Amino acid sequence: MLERNRWKRSEVLKLLGLTLTLGALTGCAPETTLDTSEVANAEAASAQGAAAQTIPESHLPAFTADGKLREPADWQEWVMVGASIGLSYNEEVRSAAAGASPGMFHRVYVQQWAYREFLDRGEFPEQTMFVLSFFQSAESEHPRTGGFYEGDLIPAMEIHLKREGVHESGWGFYMFSGGSSEGELFAPDAACYSCHAENADHDNVFVQFYPTIRARLAESESGDG
Ligand code: HEC
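Residues numbered from 1 in each chain as written. Predicted model: local features only at pLDDT ≥ 70, side-chain atom pairs only at ≥ 80, totals over all residues.

**Student:** Can you help me understand the site of the ligand in this one?
**Tutor:** Taken together, 22 residues lie around the ligand, and His-106, Phe-130, Cys-192, Cys-195 and Phe-206 are the ones closest in. If you list the elements that add at least two residues to the shell around the ligand, you get β3 (105–110), β4 (129–138), β5 (149–162), β6 (171–176) and α5 (191–199). Ranked by residues supplied to the shell around the ligand, first place goes to α5 with five residues. (Near = placed C-beta within 6 Å. Helix = DSSP H or I, 4+ residues; strand = E, 2+ residues; numbered from the N terminus.)

Written as structure tokens, this is what we have:
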């Protein structure tokens, strides 16, 4: 597992280049030409771990010099594992959330590779990043006669990163406030850590709110996984 931490940038790019050649990714691909020795290298590397070979750089945590987590460029394209509306866990907003406004939509995303690895093994790998993002609820659009849909993205998101050494829980919480693309790590005594440790159903993650993850864990428990 920890092998991935030590990946050199050049190796990741080379493997990504191979993926582009195969046409698995399109769009802003750099001009990539691979000779057969590079393909052989990539094949050798892929033999070390099938899941590892297609991890794009943007799906691995990257940090600024002063330790802030950089916003992953394409997190809105990751696997959306859960959505909720008006979910609140702050006593002060309990009554407001129960009123006419349904509150914000929450969407939770995770990297594709980490999701697949979780489905395989039933555990979240090191470097898993969960993004919690928020959308306003809106209700004005024709031809709607009832209900709510997602309005604008609220420029504040949070990331839960599995990373040994960052906190005794094995996970770090980062906040990207005011639309910042750099996330600050919460201090070890922040309420984030204690609420997740005490109430989240699996490995500090609120899997009870994420249907496919919940189902995978139920399989493990019934002995099939
Ligand atoms: C009182 C309990 C509570 C506190 C405190 C709390 N959370 Fe959470 N958190 C939740 C619940 C419940 C979810 C389930 C998903 C949702 O909100 O839609 C969640 C989900 C998350 C997720 C998605 C991944 C996961 O682990 O399930 C992130 C990221 C997150 N919270 C970040 C934070 C940060 C950052 C803080 C501290 C500022 C924080 N949370 C404090 C209850 C809490």
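That was the structure; now back to the text.
**Student:** Looking at this model, I keep getting lost on unusual backbone geometry. Mind explaining?
**Tutor:** When glycine is set aside, most residues are seen to have a negative phi, and most peptide bonds are trans. For Gln-127, which is not glycine, the phi torsion reads 75° and is therefore positive. Its place among the elements puts Gln-127 in the loop between α4 (112–121) and β4. You can call Gln-127 buried: it has 21 C-beta atoms within 10 Å. (Buried ≥ 20, exposed ≤ 12 C-beta atoms within 10 Å, placed from the backbone.)

**Student:** Help me understand helix α6 (residues 211–221) in this model?
**Tutor:** Residues that lie three or four places apart on an α-helix share one face, since the helix turns once every 3.6 residues. For α6, the complete set of buried residues consists of Ile-213, Arg-216 and Leu-217. Around the axis of α6, the buried residues are gathered within 95° of arc, so they sit on the same side. Pointing more than 90 degrees away from the buried face of α6 are the exposed residues Pro-211, Ala-215, Ala-218 and Glu-221. Next to the buried residues of α6 lie β2 (79–85) and α4. One or two positions beyond α6, positive phi appears at Gly-223, with a value near 90°. (Arc of directions from axis to C-beta. Contact = placed C-beta atoms within 7 Å.)

**Student:** When you look at the sheet that holds strand β1 (residues 69–70) in this model, what are you seeing that I'm missing?
**Tutor:** Note: strands within a sheet are paired through backbone hydrogen bonds, in either parallel or antiparallel orientation. The strand order across the open sheet built from seven strands is β1-β7-β6-β5-β4-β3-β2, with neighbouring strands paired in antiparallel fashion. Both edges of this open sheet fall to β1 and β2, since each of them pairs with a single strand only. In terms of strand pairing, β3 meets β4 through six bridges, oriented antiparallel. Note that in β4 the partner of Arg-107 across the bridge is Ser-133. (Pairing = 2+ DSSP bridges.)

**Student:** Help me understand the pairing of β5, please; the structure alone is not making it clear to me.
**Tutor:** Regular strands place side chains that alternate from one sheet face to the opposite one. As paired elements, β4 and β5 share eight bridges and run antiparallel to each other. For Ser-137, the partnering residue across the bridge sits in β5 and is Glu-150. Bridge count between β5 and β6: six bridges; the pairing is antiparallel. Bridging from a neighbouring strand, Leu-161 pairs with Gly-172 of β6.

**Student:** Looking at this model, I keep getting lost on the nonpolar core. Mind explaining?
**Tutor:** In summary, soluble globular proteins display a tendency toward joint burial of nonpolar side chains. Membership of the largest hydrophobic core comes to 29 residues, with the highest contact counts inside it found for Val-110, Phe-130, Val-131 and Ile-159. Excluding its chain neighbours within four sequence positions, the residues that come into contact with Val-131 are Trp-75, Trp-78, Val-108, Tyr-109, Met-157 and Ile-159. (Core = buried A, V, L, I, M, F, W, Y, C linked by C-beta atoms within 7 Å.)

The values are spatial; any link to function lies outside them.
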